[in-house]
Amino acid sequence: MPEIVQLLASPVHRYLGRPADGPTPAAPGELVEVVQIRAGLGIVGDRYFGKPAHRDASVTVIARESLPPGTDLVEVRRNVLTSGIAVDELIGSVLVLDSGQGPVSLRVNRPARPCAWMDVTIGPGAWKALRGKGGVRCTPLNDGILRVGPVQVTIE
């Protein structure tokens, strides 16, 4: 069964400046069990919430199957880590996730392209290895709640 493996709602940007300088420290509590989604705005408490430049990319989703073992959202800076969902194939679709509190619909707009930071946070070669499977950038179409654990998935 598909599942939501991890959720990240970080109030801070960690990848500023040059990758060689290293990321800024992670905010305490950025990995959470539950996130609140707001239509057109993103994840409450996240650094991109309500930012006009990020409205069509305010929620990012990546498949665990795309990542090296042991890698999580702290390194890749996506919001939702799933298992059992081929998210990179869903561009142009609506991904509907229901983790028990009603469906959350995400319009999958475009790829979330990896950057050179991946070679620093995951390891050498990660940036190139994640090309084409760095996850997707989405717009939330309705308000709702996502939580870690089993999830029902519908693709529209």
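To be clear, the structure that these remarks concern was listed above.
Residues numbered from 1 in each chain as written. Predicted model: local features only at pLDDT ≥ 70, side-chain atom pairs only at ≥ 80, totals over all residues. Heavy atoms only, no water.

Undergrad: Describe the side chain of Ser66, and please don't skip the residues or the numbers.
TA: The residue Ser66 is located in the loop between strand S5 (59–63) and helix H1 (73–76) in this model. Aside from chain neighbours lying at most four places away, what touches Ser66 is Asp88, Leu130 and Lys133. (Helix = DSSP H or I, 4+ residues; strand = E, 2+ residues; numbered from the N terminus. Contact = heavy atoms within 4.5 Å.)

Undergrad: Can you break down the pairing of strand S7 (residues 94–98) residue by residue, with the values?
TA: Summarising burial for S7: four of the five residues are buried, a large majority. Direction of pairing for S7 relative to strand S8 (residues 104–111): antiparallel, over a ladder of four bridges. When the sheet's bridge partners are listed, Val96 is paired in S8 with Ser105. Turn length for the S7-S8 hairpin, with the two strands adjacent in sequence and antiparallel, is five residues, and the turn residue Gly100 shows positive phi of about 120°. As judged from the four bridges shared by S7 and strand S12 (residues 152–155), these two strands associate in the antiparallel manner. The residue of S12 that forms the bridge with Leu95 is Ile155. (Buried < 20%, exposed > 50% of the residue type's maximum accessible area, 1.4 Å probe, protein only. Pairing = 2+ DSSP bridges.)

Undergrad: Give a detailed account of the side chain of Ser99, specifying residues and quantitative values.
TA: Mapped onto the elements of the fold, Ser99 is located in the loop between S7 and S8. What makes Ser99 buried here is its relative accessible area of 11%. A distance of 2.9 Å separates the side chain of Ser99 from the backbone nitrogen of Arg147, its partner in a polar contact. Beyond its immediate chain neighbours, meaning those up to four positions away, Ser99 contacts Ile4, Ile145, Leu146, Arg147, Pro150 and Val151. (Polar contact = N/O pair within 3.5 Å; in protein donor to acceptor, adjacent residues only side chain to side chain.)

Undergrad: How would you explain the pattern of salt bridges if you had to name every residue and give the values?
TA: One pass over the full model with this rule turns up five salt bridges. The partner of Glu30 in a salt bridge is Arg77, with the nearest N and O atoms 2.8 Å apart. One end of the pair, Glu30, is in the loop between strand S1 (3–8) and strand S2 (31–32); the other, Arg77, is in the loop between H1 and strand S6 (80–83), and 47 residues separate them in sequence. In this structure, Glu30 and Arg77 share a single accessibility class: buried. One salt bridge connects Asp143 with Arg38, and the closest N-O pair in it is separated by 3.8 Å. (Salt bridge = Lys/Arg side-chain N within 4 Å of Asp/Glu carboxyl O.)

Undergrad: Tell me about the sheet that holds strand S4 (residues 42–43), residues and numbers included.
TA: Whenever strands of a sheet pair, they do so through backbone hydrogen bonds, lying parallel or antiparallel. An order of S4-S3-S10 is seen for the three strands of this open sheet, with the pairing classed as antiparallel. In the strand order of this sheet, the two ends are held by S4 and strand S10 (144–147), each with one partner. In the sheet, strand S3 (residues 34–38) pairs with S10 via four bridges, with the strands oriented antiparallel. Note on S10: the bridge partner recorded for Val35 is Leu146.

Undergrad: An account of the nonpolar core is requested, with residue identities and associated values reported.
TA: Among the nonpolar cores identified, the biggest contains 22 residues, and Val59, Val61 and Leu146 are the most heavily contacted of them. The residues touching Leu146, leaving out its near neighbours within four places in the chain, are Ile4, Leu7, Glu33, Val34, Val35, Ile37, Val80, Leu97, Ser99 and Val104. Among the nonpolar cores identified, the runner-up in size contains 10 residues, and Leu67, Leu81, Trp117 and Ala126 belong to it. (Core = buried A, V, L, I, M, F, W, Y, C linked by side-chain atoms within 4.5 Å.)

Undergrad: Provide a residue-level description of the environment of Glu89, including the pertinent values.
TA: By the element assignment, Glu89 lies in the loop between S6 and S7. Glu89 gets classed as exposed once you look at its relative accessible area, which sits at 67%. Sequence separation of Glu89 and Trp117 is 28 residues, and the distance between their C-alpha atoms is 24 Å.

The values are spatial; any link to function lies outside them.
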